[in-house]
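# Coordinate inspection notes
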Amino acid sequence: MSRRTVNNWKPIKGQPLTELDKKILYIQNKGHLVPTRKLIKTPEQIEGIRRSSVINTGVLDLIQKEIKEGMSTAVIDKLVYDYTVGHGAIPAPLNYEGFPKSVCTSINEVVWDGDIINVDVSTILDGYYSDASRMFMIGNVSPEKQKLVQVAKECLEIGMKAAKPFGFVGDIGNAIQKHAEKNGFSVVRDLCGHGVGL
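Below, the structure is looked at part by part.

How each quantity is defined
- Residues numbered from 1 in each chain as written.
- Predicted model: local features only at pLDDT ≥ 70, side-chain atom pairs only at ≥ 80, totals over all residues.
- Heavy atoms only, no water.
- Helix = DSSP H or I, 4+ residues; strand = E, 2+ residues; numbered from the N terminus.
- Buried < 20%, exposed > 50% of the residue type's maximum accessible area, 1.4 Å probe, protein only.
- Contact = heavy atoms within 4.5 Å.
- Areas by Shrake-Rupley, 256 points an atom, 1.4 Å probe, with all protein chains shown as cover.
- Lys, Arg positive; Asp, Glu negative; His and termini not counted.
- Charge placed at Lys NZ, Arg CZ, Asp CG, Glu CD.
- Polar contact = N/O pair within 3.5 Å; in protein donor to acceptor, adjacent residues only side chain to side chain.
- Salt bridge = Lys/Arg side-chain N within 4 Å of Asp/Glu carboxyl O.
- Axes fitted to C-alpha atoms, helices over the stretch in contact; angles between N-to-C directions.
- Parallel < 35°, antiparallel > 145°, perpendicular 65-115°, else oblique.
- Left-handed = near helix turned anticlockwise from the far one by under 90°.
- Nonpolar A, V, L, I, M, F, W, Y, C, P; charged D, E, K, R; others polar.

### What to know about the overall build of the protein
- Across its full length, the protein carries five helices and four strands.
- Reading the protein from its N terminus to its C terminus gives the helix and strand order α-α-α-β-β-β-β-α-α.
- If you line up the protein on its principal axes, its C-alpha atoms span 60 × 45 × 25 Å.
- Across the 198 residues of the protein, 30% fall into the buried class.
- Residue pairs in contact within the protein that sit at least 24 positions apart in sequence constitute 60% of those at least 6 positions apart.
- For the protein, the exposed surface amounts to about 13,100 Å²; the carbon and sulfur share of it is 57%.
- Seen as two clouds, the 25 positive and the 22 negative side-chain charges of the protein have centres 11 Å apart.

Here it is as structure tokens:
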């Protein structure tokens, strides 16, 4: 059974095909799903995303410096809000579909000894979005939790190595899943992650 080609990529009428057009059309004509032209960003747009990402990374650097046992997630939220707004940006989660906070955390209301906590921040600067998270280990973390954090970081690095121009998102997921399962963990099977863009 042959795959039905979805023609997402359309050359610009009246202009010769670019090398990018040729590569994407080749992949599309083999029956693979390709992005629309709108997904491809200009150098100026990429620079806007990069500027937003600098603030986003700065927020996570601040949290890494400040996070400690006994700190409430409300304090983490205030740190994220103050830093982001103080740098001329907007915390993207705040009021998104009614969400009341500037940050997403993976723990109860207070960080305790032995916890691992994921802090997920997203930043909007001049209409450009950045998004990233970091996992923090608080105090005396069990060997099992330490292994989870280590393997998750290794999965990130493996995923980055698997990401290649004109490659497939499934190749990234497959590489991550193999490493996670080899170490006794599982992965979320739905497509998810951290987005950047406009």
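### Looking at the side chain of Asn 118
- Assignment of secondary structure puts Asn 118 in strand β3 (residues 116-125).
- A distance of 3.3 Å separates a polar atom in the side chain of Asn 118 from a polar atom in the side chain of Ser 133.

### Concerning the pattern of salt bridges
- Inspection of every chain in the model, using the stated rule, returns six salt bridges.
- With a shortest N-O distance of 2.7 Å, Asp 82 and Lys 78 are connected by a salt bridge. With a gap of four residues between them, Asp 82 and Lys 78 both fall in helix α3 (residues 73-86), about one helical turn apart.
- When its relative accessible area of 38% is taken as the criterion, Asp 82 is described as partly exposed.

### A closer look at the packing of helix α4 (residues 143-162) against helix α5 (residues 169-182)
- In contact at an axis separation of 8 Å, α4 and α5 are set at 150 degrees when each is read in the N-to-C sense. Between α4 and α5, the angle is such that the two are roughly antiparallel. By crossing handedness, the relation of α4 to α5 is classed as right-handed. Of the residues in α5, those in contact with Val 151, Glu 154, Cys 155, Ile 158, Gly 159 and Ala 162 of α4 are Asp 171, Ile 172, Ala 175, Ile 176, His 179 and Ala 180.
- In the contact of α4 with α5, the residues fall into eight nonpolar, two polar and two charged.

### Topic: the packing of helix α2 (residues 43-66) against α3
- As a packed pair, α2 and α3 sit with axes 10 Å apart at the nearest point and diverge in direction by 140 degrees. Viewed along their axes, α2 and α3 form a crossing whose handedness is right-handed. Here α2 contributes Ile 55, Gly 58, Val 59, Leu 62, Ile 63 and Glu 66 to the contact with α3, which in turn contributes Ile 76, Leu 79, Val 80, Tyr 83 and Thr 84.

### Details of unusual backbone geometry
- The backbone of Asn 95 shows a phi angle near 70 degrees, a positive value even though the residue is not glycine.
- Locating Asn 95 in the fold gives a position in the loop between β1 (90-91) and β2 (104-105).
- What makes Asn 95 exposed here is its relative accessible area of 59%.
- If you check the backbone angles, Asp 126 has positive phi at about 55 degrees while not being a glycine.

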